[in-house]
Amino acid sequence: MKNLLAAAVLVAVGLGLTGCTYYEITDPTTEKVYYTTNWDRQDNKSGVIQFKDMKTGKQVTLTNAEVGKIKEKDYKSAIKD
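Now for a description of the structure that goes with this document. (Residues numbered from 1 in each chain as written. Predicted model: local features only at pLDDT ≥ 70, side-chain atom pairs only at ≥ 80, totals over all residues. Heavy atoms only, no water.)

### Digging into the overall build of the protein
Right, on to step 1. Secondary structure summary: the protein contains two helices and six strands in total.
Right, on to step 2. Traced from its N-terminal end to its C-terminal end, the protein shows the element sequence α-β-β-β-β-β-β-α.
Right, on to step 3. Taken over 81 residues, the protein has a buried fraction of 22%.
Right, on to step 4. Within the protein, counting contacts between residues at least 6 apart in sequence, those at least 24 apart form 37% of the total.
Right, on to step 5. For the protein, the computed accessible surface area is about 6200 Å², with 52% contributed by carbon and sulfur atoms. (Helix = DSSP H or I, 4+ residues; strand = E, 2+ residues; numbered from the N terminus. Buried < 20%, exposed > 50% of the residue type's maximum accessible area, 1.4 Å probe, protein only. Contact = heavy atoms within 4.5 Å. Areas by Shrake-Rupley, 256 points an atom, 1.4 Å probe, with all protein chains shown as cover.)

### Observations regarding the packing of aromatic side chains
Right, on to step 1. This structure, assessed with the given rule, holds three aromatic pairs.
Right, on to step 2. Judged by centre distance (4.5 Å) and plane angle (40°), the rings of Tyr22 and Tyr75 are tilted. On the criterion of sequence distance, the pair formed by Tyr22 in strand 1 (residues 22–27) and Tyr75 in helix 2 (residues 72–80) is long-range, its members being 53 residues apart.
Right, on to step 3. Tyr75 gets classed as buried once you look at its relative accessible area, which sits at 5%.
Right, on to step 4. The interplanar angle of 90° and the centroid separation of 6.2 Å between the aromatic rings of Tyr23 and Trp39 together place this pair among those described as edge-to-face. Taken as a pair, Tyr23 in strand 1 and Trp39 in strand 3 (residues 39–41) lie far apart in primary sequence, 16 residues in all. (Phe/Tyr/Trp six-rings, centres within 6.5 Å; stacked < 30°, edge-to-face > 60°.)

Shape descriptors only; they carry no functional weight alone.
Shown next as structure tokens:
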């Protein structure tokens, strides 16, 4: 029982230390920039992606978007504005 509890604590700590990935997504047509922590590609052929813009809280669908990883401090600063 002690070993099970110790293992559960280690897993919980490990999950807490797992960092989140932050993304800046740019629509090259409008040059509008969005920020999110998760995005999905509808399929590999169309280039359509979907995500929740964390600055506005809206669901967004874009074609041919540019996706880049950014640092946590840049992400938090961007969604504050």
